[in-house]
Amino acid sequence: MAAPDPLPELSGVACPVPPEQRPLQQYQELQASWFFVWPHNGNAGLAVPLLRSWLIVLPLTLLVASGSWTLRHDLPRLVVAGMVAGLVVPLLMLVRQWLGWTNLQRRLMATAIEYEESGWYDGQVWEKPVAWRQQDLLVATHEVRPVLLRLQQAMAITAALLLVGSSLCQAL
């Protein structure tokens, strides 16, 4: 049996958009995702998994950096190079999260929903009713925008750490 449609009708208008392609449903799916929920859980909810991913990849980056003949004989530069290289994985994770949340915000802010009925070749556009637009705008403004700001701050900090670390590696 199919799952019940969470919003079958609103304002007396039947919605032709499949439930899994509706922006509010996508928002709920992002909140339920173990990966995309990190920035939604606040600064600590984002920082802890990123720090863990950096620590997990750090031994590998140190091993790769130790393959360099010049770094092998210069321990401080080896450690800094490995630490800086390890920042690439958290930065890529942040970019992936930012792309997902940005796409959701774009769909929430739009006045119409683009959807596929059965595949990529039969795309349709459905104009959102006013009540849906208002609800979507509230979610985009009060739920998604803070997440995007948090992600932008985290990406800026990570990029700054990459630049400082690279400069430090060159200065040593």
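Each value, and the rule that gives it
- Residues numbered from 1 in each chain as written.
- Predicted model: local features only at pLDDT ≥ 70, side-chain atom pairs only at ≥ 80, totals over all residues.
- Heavy atoms only, no water.
- Helix = DSSP H or I, 4+ residues; strand = E, 2+ residues; numbered from the N terminus.
- Rg over C-alpha atoms; globule rule 2.2 N^0.38 Å.
- Buried < 20%, exposed > 50% of the residue type's maximum accessible area, 1.4 Å probe, protein only.
- Contact = heavy atoms within 4.5 Å.
- Axes fitted to C-alpha atoms, helices over the stretch in contact; angles between N-to-C directions.
- Parallel < 35°, antiparallel > 145°, perpendicular 65-115°, else oblique.
- Left-handed = near helix turned anticlockwise from the far one by under 90°.
- Nonpolar A, V, L, I, M, F, W, Y, C, P; charged D, E, K, R; others polar.

## Notes on the overall build of the protein chain
A tally of regular secondary structure across the protein chain gives six helices and four strands. For the protein chain, the N- to C-terminal ordering of α and β elements is β-β-α-α-α-α-α-β-β-α. A compact globule built from 172 residues should have a C-alpha radius of gyration of about 16 Å, whereas the protein chain, at 22 Å, is more than 25% larger. Looking at the protein chain as a whole, 39% of its 172 residues qualify as buried. A sequence separation of at least 24 residues applies to 66% of the contacts in the protein chain between residues at least 6 apart.

## Comments concerning the packing of helix α1 (residues 23-32) against helix α6 (residues 130-171)
For any two helices packed against each other, the geometry is given by the interaxial angle and the distance between the axes. Contact geometry for α1 and α6: axes closest at 10 Å, N-to-C directions at 25°. One finds that α1 runs roughly parallel with respect to α6. For the element pair α1 and α6, the recorded crossing hand is left-handed. Between α1 and α6, the contacting residues are Pro-23, Leu-24 and Tyr-27 on the first element and Gln-135, Asp-136, Val-139, Glu-143 and Val-144 on the second. Looking at side-chain class alone, the contact of α1 with α6 contains five nonpolar, one polar and two charged residues.

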